[in-house]
Each structure stands twice: as structure tokens, then as C-alpha cells.
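# Coordinate analysis (summary)
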Amino acid sequence: KIIMKKLLTICLLLATTFTANAQQLSSGDYTATISNLKTRSYTKTLFGSTDKIIEYIGDCTIEKKGSKKESYTFSTMQIGDFTLTLNVKILDEHNSTLSYDFESEKFELGGEEYKAKSSKNMKNIFLSGILIYAKWIDEEY
């Protein structure tokens, strides 16, 4: 019962923290901004194992060399304490899922690993992944 109260308190604090003002991060020619971040948390049992799941949804804007390139809604899902998936979409025909490993602080995309620019908090992890994807999509297409 005490653990459930602590989890509920943490979830409420996360929800309050993540719905605050927009945050941005830049790397090279790209700047990513996220806002309106919302979260929900629950547990799910799969194959006899119960995992804590946290979902985040927010708005994102990507700029390249100061010009707006794309705006969209992104979503993430963290299962347990080790891996986070980040779903990103740039233009209607390009979307992908990046996987983030908390131990190595790296994203996996297209079979390659990319170091997060910043991993000091969840927002910076999201922004790092969005920047990685924006650069990757430009190089691929």
C-alpha cells in the first residue's frame, strides 16, 4: 500500500513537471522543441512478468538552420527501467521508432547506435532522439 502511494505521488509529480513550458535542444543545423508533454503510468502483465509502463505524448517542432522544417505529435513508451521507445514522424511518408537504452545512453535507429546529446532528464532524452532522427532522415532521403 505504501509503495502504491509512492508510485502515485511520483506519477503526479511527473505529470506536473512534464506539462510545464516548452524545452528545446540544438545539435548542428537542427533545433528540436517539445511542448504540451503529458504522461500516464500503469502496469501490465505479459508472459507472467509485470512491468511498469510510462507513456509520454507531446508536440514537437524541428527547425533546420533557423527555418521550421516540421511539426508533429510524438509519443514514447518506457517499459521497466531499461528501454524507452520514441515514435517520430517527419512528413507523411517517413516515420520510425527509435529505441533508447538507459545504461549506454544510446539510441538505436536503422541498425546503428547514436549517443544522446543530453540525457540529464526525460525531456532531453526525447529531444536528443528527435534530433538524431531529423538528421538521419535528411541523410537517408
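Scoring rules and cut-offs
- Residues numbered from 1 in each chain as written.
- Predicted model: local features only at pLDDT ≥ 70, side-chain atom pairs only at ≥ 80, totals over all residues.
- Heavy atoms only, no water.
- Helix = DSSP H or I, 4+ residues; strand = E, 2+ residues; numbered from the N terminus.
- Expected span 1.5 Å × (residues − 1).
- Buried < 20%, exposed > 50% of the residue type's maximum accessible area, 1.4 Å probe, protein only.
- Polar contact = N/O pair within 3.5 Å; in protein donor to acceptor, adjacent residues only side chain to side chain.
- Salt bridge = Lys/Arg side-chain N within 4 Å of Asp/Glu carboxyl O.
- Core = buried A, V, L, I, M, F, W, Y, C linked by side-chain atoms within 4.5 Å.
- Contact = heavy atoms within 4.5 Å.

We now examine helix H2 (residues 122-140). For H2, built from 19 residues, the straight-helix expectation of 27 Å at 1.5 Å per residue is met to within 8% by its first-to-last C-alpha distance of 27 Å. Within H2, 15 of the 19 residues are buried, leaving the element largely enclosed by the surrounding structure. Between a side-chain oxygen at the N-terminus of H2 and the backbone nitrogen of Lys 123 the separation is 3.1 Å; the capping residue is Asn 121.

Looking now at the pattern of salt bridges. For the coordinates displayed, the defined rule picks out 5 salt bridges. When the shortest N-O distance is used, the salt bridge between Glu 105 and Lys 115 registers 3.3 Å. You can see Glu 105 sitting in the loop between strand S6 (94-101) and strand S7 (106-109) and its partner Lys 115 sitting in strand S8 (residues 112-115), a full 10 residues away along the chain. Taking the relative accessible area as the measure of exposure, Glu 105 reaches 31% and is therefore partly exposed. Note that Lys 106 is salt-bridged to Glu 113, the shortest N-O span being 3.9 Å. Taking relative accessible area as the criterion, Lys 106 reaches 32% and is therefore assigned partly exposed.

Attention now moves to the nonpolar core. Among the nonpolar cores identified, the biggest contains 30 residues, and Ile 34, Phe 74, Leu 98, Phe 107, Phe 126 and Ile 130 are the most heavily contacted of them. Broken down by secondary-structure element, the contributors of at least two residues to this core are strand S2 (30-46), strand S3 (49-64), strand S4 (67-79), strand S5 (83-90), S6, S7 and H2. Considering every element that reaches this core, the biggest residue donor is H2, with 11 residues. Look past the residues within four positions of Phe 126 in its chain and what remains in contact with it is Ile 34, Leu 37, Tyr 56, Phe 74, Thr 76, Leu 84 and Leu 86.

One can find Asp 59 in strand S3. The spatial distance from the C-alpha of Asp 59 to the C-alpha of Ala 22 is 9.2 Å, given a sequence separation of 37 residues. Aside from chain neighbours lying at most four places away, what touches Asp 59 is Thr 33, Ile 34, Ser 35, Asn 36, Tyr 72, Thr 73 and Phe 74. Polar contacts involving the side chain of Asp 59 include one to the side chain of Asn 36, which spans 2.7 Å. A distance of 3.2 Å separates polar atoms of two side chains, one belonging to Asp 59 and the other to Thr 73.

Moving on, we get to the environment of Thr 76. With respect to the element layout, Thr 76 can be found in strand S4. Considered as a pair, Thr 76 and Ile 54 are 22 residues apart in the sequence and their alpha carbons are 8.2 Å apart. Setting aside residues no more than four positions away along its own chain, Thr 76 makes contact with Ile 54, Glu 55, Tyr 56, Leu 84, Thr 85, Leu 86 and Phe 126.

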